[in-house]
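Topology and contacts: notes
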Amino acid sequence: MSTDVQVTEQIIATLEHNIKVAEAIERLDRNSDFKLVVTQGFLRDECIRYVDLSGDPDLTEKARLDSLNIAQAGGHFKRYIESRMNLGRQAQGQIVSQKNALDEMRAEAAGE
């Protein structure tokens with residue numbers, strides 16, 4: 001099997017994985033338990049609480065900084081989710097052409 005075929009197969013496997021991750025995120029987003037625990041519980045309530053603590057003058061400077069860092073975790077998580085969804089959308093747009101290219105490479109190799 002040619003290197004091009006192997007590379008294309010790996011690309012397709014990566015695209016399929018990215019699509020599966022995006023589909024899993026979509027399922028999570030529809031799940032009421034996920035919304036309760038993660039979206040509302042952590043991303044909203046806990047992060048707001050930590051932002052509040054980050055400005056509390058009764059805490060040490062280290063405790064305020066730790067609180068701010070924890071509060072920012074929600075933003076990092078949201079960006080991670082958004083980037084994985086973007087990768088999934090891009091993969092959806094690329095997978096058909098990659099599979100077609102793989103079919104052509106295999107046909108050429110069979111004809112040799």
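Residues numbered from 1 in each chain as written. Predicted model: local features only at pLDDT ≥ 70, side-chain atom pairs only at ≥ 80, totals over all residues. Heavy atoms only, no water.

**Structural notes on the overall build of the protein chain**
Let me state the cut-off plainly: Helix and strand assignments follow DSSP, with helices taken as H or I runs no shorter than four residues and strands as E runs no shorter than two, numbered in order from the N terminus. Atoms counted for the radius of gyration: C-alpha only. Globule rule: 2.2 Å times residue count to the power 0.38. For each residue, the accessible area found with a 1.4 Å probe, counting protein chains only, is set against the maximum for its type, and the residue is called buried under 20%, exposed over 50%, and partly exposed in between.
Per the secondary structure count, the protein chain includes 3 helices and 0 strands. The N-to-C order of helical and strand elements in the protein chain reads α-α-α. Compactness check: the protein chain gives a C-alpha radius of gyration of 22 Å against a globular reference of 13 Å for 112 residues, more than 25% above the reference. If one aligns the C-alpha atoms of the protein chain with their principal axes, the spans along those axes are about 75 × 30 × 15 Å. Counting the 112 residues in the protein chain, one finds 19% classified as buried.

**Observations concerning the side chain of R84**
For the record, the criterion: Note that His is not counted, nor are the chain ends; the positive residues are Lys and Arg, and the negative ones are Asp and Glu. Each salt bridge in this description consists of a side-chain nitrogen of Lys or Arg and a carboxyl oxygen of Asp or Glu lying within 4 Å of one another.
Tracing the backbone through its elements, the reader meets R84 in helix 3 (residues 61-111). One buried charged residue, R84, remains without a salt bridge, the closest side chain of opposite sign being E23 at 11 Å.

**Brief notes about the confidence of the model for the protein chain**
Low-pLDDT stretches of the model should not have their predicted coordinates read in fine detail. Heads up, the rule is: A score from 0 to 100, pLDDT tells how confident the predictor is in each residue.
Across the protein chain, the average pLDDT comes to 95, with 98% of residues at or above 70. When mean pLDDT is taken per element in the protein chain, helix 1 (residues 3-30) scores highest with 97 and helix 3 scores lowest with 95.

**Quick look at the packing of aromatic side chains**
Cut-off, in case you're wondering: Pairing of aromatic rings covers Phe, Tyr and the six-membered ring of Trp, with a centre-to-centre limit of 6.5 Å; geometry is then stacked below 30 degrees between planes, edge-to-face above 60, and tilted otherwise. In our convention, an over-ring charge means Lys NZ or Arg CZ found within 6 Å of a ring centre and within 35 degrees of that ring's normal.
All chains considered together, the criterion is met by 0 aromatic pairs. R49 extends its terminal NZ or CZ atom over the ring of Y50, reaching a point 4.6 Å from the ring centre.

**Concerning helix 3**
Test applied: Residue count minus one, scaled by 1.5 Å, sets the expected span of a helix. Take the seven residues that end at a residue and the seven that start at it, fit an axis to each, and the angle between those axes is the bend at that residue.
With 51 residues, helix 3 extends 71 Å from end C-alpha to end C-alpha; this agrees with the ideal 75 Å at 1.5 Å per step. At Q94, helix 3 shows its largest kink, close to 40°.

**A few points about the nonpolar core**
The following threshold applies: Only buried residues count toward a nonpolar core, which is a set of Ala, Val, Leu, Ile, Met, Phe, Trp, Tyr and Cys residues joined through side-chain atoms within 4.5 Å. Between two residues, a contact is recorded if the distance between any of their heavy atoms is within 4.5 Å.
V5, I12, L15, I19, A91, I95 and L102 form the largest nonpolar core, which has 7 residues in total. Elements represented by at least two residues in this core include exactly helix 1 and helix 3. It is helix 1 that provides the largest number of residues to this core, a total of 4 residues. Setting aside anything within four residues of it in sequence, one finds I19 in contact with G88, A91, Q92 and I95.

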